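The primary structure of each chain is shown beneath.
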Amino acid sequence: MTSFWNDLPQPFFILAPMEAVTDVVFRHVDKLKQAGAPDIFFTEFANATGWVHAGDKAIAGRLIKTDDEHPLVAQIWGGEPGDMEAILSLHCAELGFDGIDINMGCPAKSAIKSGGAALIRRPDIAVAAIAAAKTAGLPVSVKTRLGYTYC
Ligand SMILES: Cc1cc2nc3c(=O)[nH]c(=O)nc-3n(C[C@H](O)[C@H](O)[C@H](O)COP(=O)(O)O)c2cc1C
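Criteria and cut-off values
- Residues numbered from 1 in each chain as written.
- Predicted model: local features only at pLDDT ≥ 70, side-chain atom pairs only at ≥ 80, totals over all residues.
- Heavy atoms only, no water.
- Helix = DSSP H or I, 4+ residues; strand = E, 2+ residues; numbered from the N terminus.
- Rg over C-alpha atoms; globule rule 2.2 N^0.38 Å.
- Buried < 20%, exposed > 50% of the residue type's maximum accessible area, 1.4 Å probe, protein only.
- Pairing = 2+ DSSP bridges.
- Contact = heavy atoms within 4.5 Å.
- Axes fitted to C-alpha atoms, helices over the stretch in contact; angles between N-to-C directions.
- Near = heavy atom within 4 Å.
- Polar contact = N/O pair within 3.5 Å; in protein donor to acceptor, adjacent residues only side chain to side chain.
- Areas by Shrake-Rupley, 256 points an atom, 1.4 Å probe, with all protein chains shown as cover.
- Nonpolar A, V, L, I, M, F, W, Y, C, P; charged D, E, K, R; others polar.
- Core = buried A, V, L, I, M, F, W, Y, C linked by side-chain atoms within 4.5 Å.
- Expected span 1.5 Å × (residues − 1).
- Arc of directions from axis to C-beta.

## So, the overall build of the chain
Turning to step 1, where the next piece is worked out: Check the secondary structure of the chain and you find seven helices and five strands.
Turning to step 2, where the next piece is worked out: Helices (α) and strands (β) of the chain occur, in sequence order from the N terminus, as β-α-α-β-α-α-β-α-β-α-α-β.
Turning to step 3, where the next piece is worked out: For 151 residues, the compact-globule estimate of 2.2 N^0.38 gives 15 Å, and the C-alpha radius of gyration of the chain, at 15 Å, lies within 12% of that figure.
Turning to step 4, where the next piece is worked out: With respect to the three principal axes, the spread of C-alpha positions in the chain is 40 × 35 × 30 Å.
Turning to step 5, where the next piece is worked out: In the chain, which comprises 151 residues, the proportion classed as buried is 44%.

Written as structure tokens, this is what we have:
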């Protein structure tokens, strides 16, 4: 598999994924690029189970992108590996993302109920989620924490 992770400058610079901030509009703000053009952009996190049950409406534009954005990584979260496989293989691969990131570090109470940092305590689910993500044929990364109690 070719991967943009192998072709980055050293050191490389990533704009952290931020919900309600790093959407497609923000990523196109000229000042952002002038101030410190990141080498990689991430989307906001999008919930896999929400998408499986209610489609695009459930993720409210979080995965909207333009074709000229590279490299761009889709960040997904959830606690159901089957739902992750569905959104990643059916949706993200088709949209033309360069990579997939699984959010395993979000400490928000609403995320911990069904994924986020809770996956640190559920290694079986974490392993299954990574395996599910790999079926999309894109490079997979994980954003996590040093430990659950550091949330
Ligand atoms: C408003 C806001 C939204 C965030 N949304 C996400 C997100 O969607 N996915 C994620 O992995 N982290 C999210 N984060 C965490 C950031 O990506 C980052 O890890 C965190 O802010 C720590 O970096 P800092 O010390 O540079 O702020 C968010 C942070 C903020 C402040």
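Now, onward.
## Points about the sheet that holds strand E5 (residues 140-143)
Turning to step 1, where the next piece is worked out: Spatially, E1-E2-E3-E4-E5 is the arrangement adopted by the five strands of the open sheet, whose pairing is parallel. The open sheet has two free edges, formed respectively by strand E1 (14-15) and E5, since each of these has just one partner strand.
Turning to step 2, where the next piece is worked out: Packing against the sheet, helix H5 (residues 81-95) makes contact with strand E2 (40-47), strand E3 (72-77) and strand E4 (99-103), and its axis sits at approximately 155° to E3.

## Details of the site of the ligand
Turning to step 1, where the next piece is worked out: With respect to spatial proximity, the complete set of residues near the ligand consists of Ala-16, Pro-17, Met-18, Glu-19, Phe-45, Gln-75, Asn-103 and Lys-143.
Turning to step 2, where the next piece is worked out: A distance of 2.7 Å separates an oxygen atom of the ligand from a polar atom in the backbone of Pro-17.
Turning to step 3, where the next piece is worked out: Backbone polar atom of Glu-19 to a nitrogen atom of the ligand: 2.7 Å apart, as the coordinates give it.
Turning to step 4, where the next piece is worked out: Relative to its free-state accessible area of 610 Å², the ligand is covered by the protein chains to the extent of 45%.
Turning to step 5, where the next piece is worked out: Here the residues of the shell around the ligand sort into four nonpolar, two polar and two charged.

## So, the environment of Ala-93
Turning to step 1, where the next piece is worked out: Its place among the elements puts Ala-93 in helix H5.
Turning to step 2, where the next piece is worked out: Along the backbone, Ala-93 and Asp-56 are 37 residues apart, and their C-alpha atoms lie at a distance of 15 Å.
Turning to step 3, where the next piece is worked out: With near-sequence residues (within four places) excluded, Ala-93 lies in contact with Leu-88, Ala-136 and Leu-138.

## So, the nonpolar core
Turning to step 1, where the next piece is worked out: Counting 27 residues, the largest nonpolar core has Leu-63, Ile-76, Met-84, Ile-87, Leu-88, Cys-92 and Phe-97 as the members making the most contacts within it.
Turning to step 2, where the next piece is worked out: Elements that contribute at least two residues to this core include exactly E2, helix H3 (48-54), E3, H5, E4 and helix H7 (123-134).
Turning to step 3, where the next piece is worked out: Sort the elements by how many residues they give to this core and H5 lands first, with five residues.
Turning to step 4, where the next piece is worked out: What Ile-87 contacts, discounting residues up to four positions off in sequence, is Asn-47, Ala-48, Trp-51, Ile-59, Leu-63, Ile-76 and Cys-92.
Turning to step 5, where the next piece is worked out: Counting five residues, the second largest nonpolar core, distinct from the first, contains Leu-8, Ile-40, Phe-42 and Val-73.

## Quick notes on H7
Turning to step 1, where the next piece is worked out: For H7, which comprises twelve residues, the first-to-last C-alpha distance of 17 Å matches the rise-based estimate of 16 Å (1.5 Å per residue) to within 8%.
Turning to step 2, where the next piece is worked out: Those residues of H7 that fall on the buried side of the exposure criterion are Ile-125, Ala-126, Ala-129, Ala-132 and Ala-133. Viewed end-on, H7 has its buried residues packed into an arc of 125°, placing them on one side of the element. In H7, the exposed positions angled more than 90 degrees off the buried face are occupied by Pro-123, Asp-124, Val-127 and Lys-134.
Turning to step 3, where the next piece is worked out: Buried residues in H7 make contact with H5, E4 and E5.

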